[in-house]
Amino acid sequence: MKILRVMAAVIASMLATLTAAGRNPETDFIHINAHILGGGSYVSNNYAACFPEVSDLHSSMGLALGVGADVVFNISHHWGVGTGLNILRSSRNLDMAVSTEGAKSISNIFQKNSYYTIEAPVFARWRQNLAQGVTWNIDMGLYMAQGVGGHTDNTIYDAKTNELGQLITLRTKLRTRYYDDSDAFINTFARTDLGMHLATGLTFRQGLTIGVRTHIGLRNLAQSDGLKNPRMRTLDLLAVVGWSF
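Residues numbered from 1 in each chain as written. Predicted model: local features only at pLDDT ≥ 70, side-chain atom pairs only at ≥ 80, totals over all residues. Heavy atoms only, no water.

A.B. asks: Explain the nonpolar core to me, please; I cannot follow it from the model alone.
C.D. replies: Nonpolar side chains tend to gather and get buried jointly when the protein is soluble and globular. With 16 residues, the main nonpolar core has Val 43, Tyr 47, Met 96, Tyr 178, Phe 189 and Met 232 as its most contacted residues. Taken together, the elements giving at least two residues each to this core come down to helix H2 (47-50), strand S3 (79-99) and strand S4 (105-131). For Tyr 178, the contacting residues outside a window of four places in its chain are Val 43, Arg 92, Asn 113, Ser 114, Tyr 115, Gly 150, His 151, Thr 152, Thr 188 and Phe 189. Leu 37, Ala 64, Leu 88 and Leu 238 belong to the second largest nonpolar core, which has five residues in total. (Core = buried A, V, L, I, M, F, W, Y, C linked by side-chain atoms within 4.5 Å. Buried < 20%, exposed > 50% of the residue type's maximum accessible area, 1.4 Å probe, protein only. Helix = DSSP H or I, 4+ residues; strand = E, 2+ residues; numbered from the N terminus. Contact = heavy atoms within 4.5 Å.)

A.B. asks: What is the right way to look at the environment of Ser 99 in this model?
C.D. replies: Structurally, Ser 99 is set in strand S3. Separated by 45 residues in the primary sequence, Ser 99 and Val 54 have C-alpha atoms spaced 6.8 Å apart. When neighbours within four sequence positions are excluded, Ser 99 is seen to be in contact with Glu 53, Ser 105 and Ile 106.

A.B. asks: Explain a nonpolar patch on the surface here, please?
C.D. replies: Residues Leu 142, Met 144, Leu 194, Met 196, Ile 216, Leu 218 and Leu 235 make up a contiguous nonpolar surface patch of about 580 Å² in total accessible area. Mapped by element, the contributors of at least two residues to the nonpolar patch are strand S5 (134-161) and strand S8 (192-204). (Patch = residues over 30% accessible without salt bridge, like charges linked within 9 Å, V, L, I, M, F, W, Y side chains within 5 Å. Areas by Shrake-Rupley, 256 points an atom, 1.4 Å probe, with all protein chains shown as cover. Salt bridge = Lys/Arg side-chain N within 4 Å of Asp/Glu carboxyl O.)

A.B. asks: Where do I start with the pairing of strand S11 (residues 232-244) in this structure?
C.D. replies: Going residue by residue along S11, you find Met 232, Thr 234, Asp 236, Leu 238, Val 240, Gly 242 and Ser 244 tucked away on one face and Arg 233, Leu 235, Leu 237, Ala 239, Val 241 and Trp 243 left uncovered on the opposite face. The pairing of strand S9 (residues 208-217) with S11 spans nine bridges and is classified as antiparallel. When the bridges of S11 are listed, Ile 216 appears paired with Leu 235. (Pairing = 2+ DSSP bridges.)

A.B. asks: Looking at this model, I keep getting lost on the pattern of salt bridges. Mind explaining?
C.D. replies: A side chain with one charge may pair with a side chain of the opposite charge, provided their charged atoms come close. Applying the stated criterion to the full structure yields four salt bridges. Here Glu 119 ties to Arg 213 by a salt bridge, and the two come within 2.6 Å at their closest N and O atoms. One end of the pair, Glu 119, is in strand S4; the other, Arg 213, is in strand S9, and 94 residues separate them in sequence. Summarising the burial analysis for this pair, Glu 119 and Arg 213 share the class buried. A salt bridge links Arg 125 to Asp 139; the shortest N-O distance between them is 2.7 Å. Separated by 14 residues along the polypeptide, Arg 125 in strand S4 and Asp 139 in strand S5 bring together distant segments of the chain. The exposure class of Asp 139 is buried, given its relative accessible area of 4%.

A.B. asks: Just to check I follow, could you spell out the packing of aromatic side chains for this structure?
C.D. replies: The geometry of an aromatic ring pair is captured by two quantities: the separation of the ring centres and the angle between the planes. Evaluated as defined, the whole model comprises seven aromatic pairs. On the basis of an interplanar angle of 5 degrees and a centroid distance of 4.3 Å, the ring pair of Tyr 115 and Tyr 178 is categorised as stacked. Linking Tyr 115 in strand S4 with Tyr 178 in the loop between strand S6 (167-177) and strand S7 (188-189), this pair joins segments that are 63 residues apart in sequence. Since its relative accessible area comes to 3%, Tyr 178 is described here as buried. One aromatic cluster is present, built from ring pairs that chain together Tyr 115, Tyr 178, Tyr 179 and Phe 189. (Phe/Tyr/Trp six-rings, centres within 6.5 Å; stacked < 30°, edge-to-face > 60°.)

A.B. asks: Sorry if this is basic, but what is going on with empty space enclosed by the protein here?
C.D. replies: Here the idea is plain: a probe the size of a water molecule rolls over the atoms and shows the empty space left. The full count for this structure, using the stated rule, is four cavities of 30 Å³ or more. Around the largest cavity, the lining comprises 26 residues; the ones closest to its centre are Asn 33, Asp 70, Arg 125, Asp 139 and Val 240. Elements supplying a minimum of two residues to the lining of the largest cavity: strand S1 (30-45), strand S2 (54-74), S3, S4, S5, S8 and S9. Ranked by residue count, the leading element in the lining of the largest cavity is S8, at six residues. Tallied by class, residues from the lining of the largest cavity come to ten nonpolar, twelve polar and four charged. Here the second largest cavity defines a volume of roughly 160 Å³. (1 Å grid on protein atoms, 1.4 Å probe; cavity = no way out; pocket = protein on both sides within 12 Å on 5 of 7 lines; lining within 4 Å. Points joined across faces, edges and corners; volume = space filled by probe spheres on them. Nonpolar A, V, L, I, M, F, W, Y, C, P; charged D, E, K, R; others polar.)

So, to be careful, I would describe these as geometric facts and stop short of saying anything about function.
Here it is, written out as structure tokens:
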């Protein structure tokens, strides 16, 4: 997508400038890190509580991959404040059974979601030297994410009994946009997310950084035109490997 290529070019340009400047991540006032991210993405839901017709609900965490960069301003030996920019591609699966009153018909829905987001965390950082050339950090703050694209593939199997008592099964495939699509099954998703940003990691003198981070969504992302609006929130858990300048 065009917007993802533009953001990647901005990050690459920033890193080239920083490399030329020859920064020391342990002593500089500005600490800049470029990284790749990989792990799992999950969106919680309350479909079973919201819709009595839903049963056998299974929601699984999917693969999330991304690239990004962040900058930390070290205001003291132990404390700093930072922000960043990350581009992520996330996926997840959902399947459920939906039955009508009296179980005259049953539908089995298998859903595959794939979507892209641009995230910007703002956080406070505490750091401590563990050994010569090894620094441990803990980050805590908020993040904002903006959805930029994606789709949902639904495969629906409808099993019905006709007037002769015969079981008839029909298969339907439906693809919808992940964000802001009124034709989505049950609900579509809001583009803007907001939540908690938590992270921890190690920085080595040579510049290598490793760590983990989680994003816990605080905003309900579900958008529905029906009488009932379910609740859905983000939960990401990602490993981070990068290089500081």
